[in-house]
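# Results of the structural survey
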Amino acid sequence: QMQLVESGGGLVQPVGPLRLSCAASATIFSTTVMGWYRQAPGKQREWVAGIFGGGNTFYADSVKGRFTISREIAEKMVHRQMNSLIPEETAVYYCNAWNGVSHYWGQGTQVTVSS
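Just so you know, these numbers come straight off a predicted model, no measurement behind them.

### A short note on the nonpolar core
L4, M34, W36, M82 and V111 are the most contacted members of the largest nonpolar core, which totals 29 residues. Of all the secondary-structure elements, those providing two or more residues to this core are β3 (18–24), β4 (33–39), β5 (46–51), β7 (67–72), β8 (77–82), β9 (91–98) and β11 (109–113). Apart from residues no more than four positions distant in its own chain, V111 is found in contact with G9, G10, V12, L18, L20, M82, E89, T90, A91 and Y93.

### Here's the deal with the sheet that holds β3
Read across the sheet, four strands follow the order β1-β3-β8-β7 without closing on themselves; strand pairing throughout is antiparallel. With one partner strand each, in any of the chains shown, β1 (4–7) and β7 form the two edges of the open sheet. Ignoring strand direction, the axes of neighbouring strands in this sheet form an average angle of 15°. Where β7 and β8 come together, six bridges link them in antiparallel fashion. Pairing of S70 across the sheet is with H79, part of β8.

Analysis parameters
Residues numbered from 1 in each chain as written. Predicted model: local features only at pLDDT ≥ 70, side-chain atom pairs only at ≥ 80, totals over all residues. Heavy atoms only, no water. Core = buried A, V, L, I, M, F, W, Y, C linked by side-chain atoms within 4.5 Å. Buried < 20%, exposed > 50% of the residue type's maximum accessible area, 1.4 Å probe, protein only. Helix = DSSP H or I, 4+ residues; strand = E, 2+ residues; numbered from the N terminus. Contact = heavy atoms within 4.5 Å. Pairing = 2+ DSSP bridges. Axes fitted to C-alpha atoms, helices over the stretch in contact; angles between N-to-C directions.

What follows is the structure, encoded as structure tokens:
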């Protein structure tokens, strides 16, 4: 059983940067895929970015070039740097881990993009 805890959310001005972090309670194995999702008010949860065991990263088209996902295996941490945020990206951001069998979710952290 893995527990995930997000941090770093809050209020950010448009075009501003924000860094989110996710702490895992168990070892992030090379076979574990870590990812970030978000859910805006009134919308379905959507996948945003992922990092595979080998270190390959993948991004939704809407965030390519602006978001960067990284991880620190020894520290059991996953980070996401978000740049040039727009108000429409106001949402609850969730950390996710998938080990090929089960999905694990964090409780989510609110990100509000507003001036």
